[in-house]
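# Structural overview for review
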Amino acid sequence: MSNLVTIYGGSGFIGRYIARRMAKEGWRVRVAVRRPNEAMFVKPYGSVGQVELVLCNIRDDASVAAAMQGADAVVNCVGTFDAGGKNNFEAVQIYGAERIAKLASEAGIARMVHISALGADVAALSDSARTKALGEAAVHKYMPDAMILRPSVVFGPEDQFFNRFASMSRLGPILPVIGGKTRFQPVYVDDVAAAAVKGVLGDASGTYELGGPEVRTFRELLQTMLEVIQRRKLIMNIPFPIARVLAAVFDVVEKISLGIVKNPSASPDQVKALRVDNVVHEGAKGLDDLGITPVALEAVLPDYLWRFRPSGQYAALKDSAKNLRA
């Protein structure tokens, strides 16, 4: 019988790509999520019965243990952007990660892959980055040979980065940005998944910082995005002191409205995170060490951002028509 991997958060942005790759490797894949009925799209990743959906809440010992029963490896893709509530930074990124690692160790599971984030640091100003680092330490406490992956901003069809700003670009002539000079090293989601597969198969362990082939500032990334979606906008940098005040105000409004009014800017914690460059450190192990050639932004962005162009899917046809008239 083929091996079994349990992927916590396996229907999320990164998790679904890992699930697809593991199915192609011939493994049985158990996708552990809070809402299985909303994750049915993962089932066709493999043959009939190869990909299984199970209900799981990583804040609960019993459901976490049940989801990994009989597994040969586990992958934790669960993270959060929520500073408050039951699924806050500490609950998910520290104690959730620790729970998976502890129960996996007790169950005798040999391999674990944990998705963290570039910038994870116990001394970070950002609570998200700090809890990511503490989560890594918790994983290593129980699974010292676990693979830890620290990706920079991840891009792909379902991302919440380029899709969000491309959508914002349709609202007016100005595209606001916080931390325009902050540097990023965007990495393609399927490259992150390929790295995770190496850990599940036992071909690699340790900590890897994952970044794409180029380092660009936030402003440069938005300029590249605007070129792809064929829109001309004024990119306006919001100074950090102003951004901090705006984030705090919008955060209060969102809480008072019980989430009805969403924060249109970055959260207070994201503002803190944007003060720090998000690039692979010199000397850190990365994609090259795993034998993975990173995919460039320009090779992928047009494939999913075309819908934000003024002419949508007809943009290429209109360009061709202009050439014919000329």
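In this report, the structure presented in the accompanying data block is examined. All figures in this text were calculated on a predicted structure; none of them were measured in a lab. (Residues numbered from 1 in each chain as written. Predicted model: local features only at pLDDT ≥ 70, side-chain atom pairs only at ≥ 80, totals over all residues. Heavy atoms only, no water.)

### Points about the nonpolar core
One broad rule of soluble globular proteins: the nonpolar side chains tend to lie buried together. Using the following cut-off: Working definition of a nonpolar core: buried Ala, Val, Leu, Ile, Met, Phe, Trp, Tyr and Cys residues. They are joined through side-chain atoms within 4.5 Å. Whether a residue is buried, partly exposed or exposed follows from its accessible area with a 1.4 Å probe, protein chains only, as a fraction of its type maximum: under 20%, in between, or over 50%, in that order. Each helix is a run of DSSP H or I of at least 4 residues and each strand a run of E of at least 2, with the numbering of both proceeding from the N terminus. Any two residues whose heavy atoms approach within 4.5 Å at even a single point are treated as in contact.
Counting 73 residues, the largest nonpolar core has V5, I18, V29, L149, F162, M225 and L305 as its most contacted members. With eight residues, the top contributor of residues to this core is helix α6 (residues 189–200). Excluding residues that lie within four positions of it along the chain, M225 makes contacts with F162, F165, A166, L175 and L305. Listed in part, the 24 residues of the second largest apolar core include L4, V54, A97 and I100.

### Some points on the sheet that holds strand β4 (residues 73–76)
Applicable threshold: Strand pairing follows a simple DSSP-based rule, namely that at least 2 bridges must link the two strands. Every angle, taken between N-to-C directions, lies between 0 and 180 degrees, and every axis is a line fitted to C-alpha atoms, over only the stretch in contact when it is a helix.
Here seven strands make up an open sheet; going across it, the order is β3-β2-β1-β4-β5-β6-β11 and the pairing parallel. If you trace the sheet from one side to the other, it starts and ends with β3 (51–55) and β11 (206–210), each paired once. Neighbouring strand axes in the sheet, compared pairwise and without regard to direction, differ in orientation by 15 degrees on average. Along the sheet, helix α4 (residues 127–142) makes contact with β5 (111–115), β6 (147–151) and β11, crossing β5 at roughly 175 degrees. Set on the sheet, α6 makes contact with β1 (4–8), β4, β5, β6 and β11; between it and β6 the angle comes to about 170 degrees.

### Regarding the pattern of salt bridges
Put simply, the rule is: Counted as salt bridges are all cases of a side-chain nitrogen of Lys or Arg within 4 Å of a carboxyl oxygen of Asp or Glu.
Per the stated rule, a full pass over the model turns up 12 salt bridges. Where E209 meets R150, a salt bridge forms, and the shortest distance between an N and an O atom there is 3.6 Å. In this pair, E209 is assigned in strand β11 and R150 in strand β6, connecting sequence segments 59 residues apart. Classification of E209 as buried rests on a relative accessible area of 8%. Taking the relative accessible area as the measure of exposure, R150 reaches 17% and is therefore buried. The residue E214 makes a salt bridge to R216 at a minimum N-O spacing of 2.3 Å. By relative accessible area, which is 41% here, E214 ends up partly exposed. Classification of R216 as buried rests on a relative accessible area of 12%. When salt bridges that share partners are traced, they join E90, D127 and R130 into one network.

### So, the side chain of R150
We count it as follows: Here a polar contact is taken to be a pair of N or O atoms separated by no more than 3.5 Å, where protein atoms must pair a possible hydrogen donor with a possible acceptor and residues adjacent in sequence count only if both atoms sit in side chains.
Only 2.7 Å separates the side chain of R150 from the side chain of E136, close enough to count as a polar contact. Discounting chain neighbours no more than four positions away, the residues touching R150 are S116, A117, L118, A120, E136, T207, Y208, E209 and L210.

### Section: a positive patch on the surface
Note the following rule: Patches in this entry comprise residues that are over 30% relatively accessible and not in a salt bridge; like charges within 9 Å are linked, as are nonpolar side chains (Val, Leu, Ile, Met, Phe, Trp, Tyr) within 5 Å. Areas reported as accessible are Shrake-Rupley estimates using a 1.4 Å probe. Residue values count occlusion only from the protein chains shown. Only four residue types enter the charge count, namely Lys and Arg as positive and Asp and Glu as negative; His and the chain termini do not. Charge placement uses NZ in Lys and CZ in Arg. For Asp and Glu, CG and CD serve respectively.
Taken together, the side chains of R34, R35, R59 and K86 make up a positively charged region of the molecular surface. Residue position: K86 is located in the loop between β4 and α3 (89–106).

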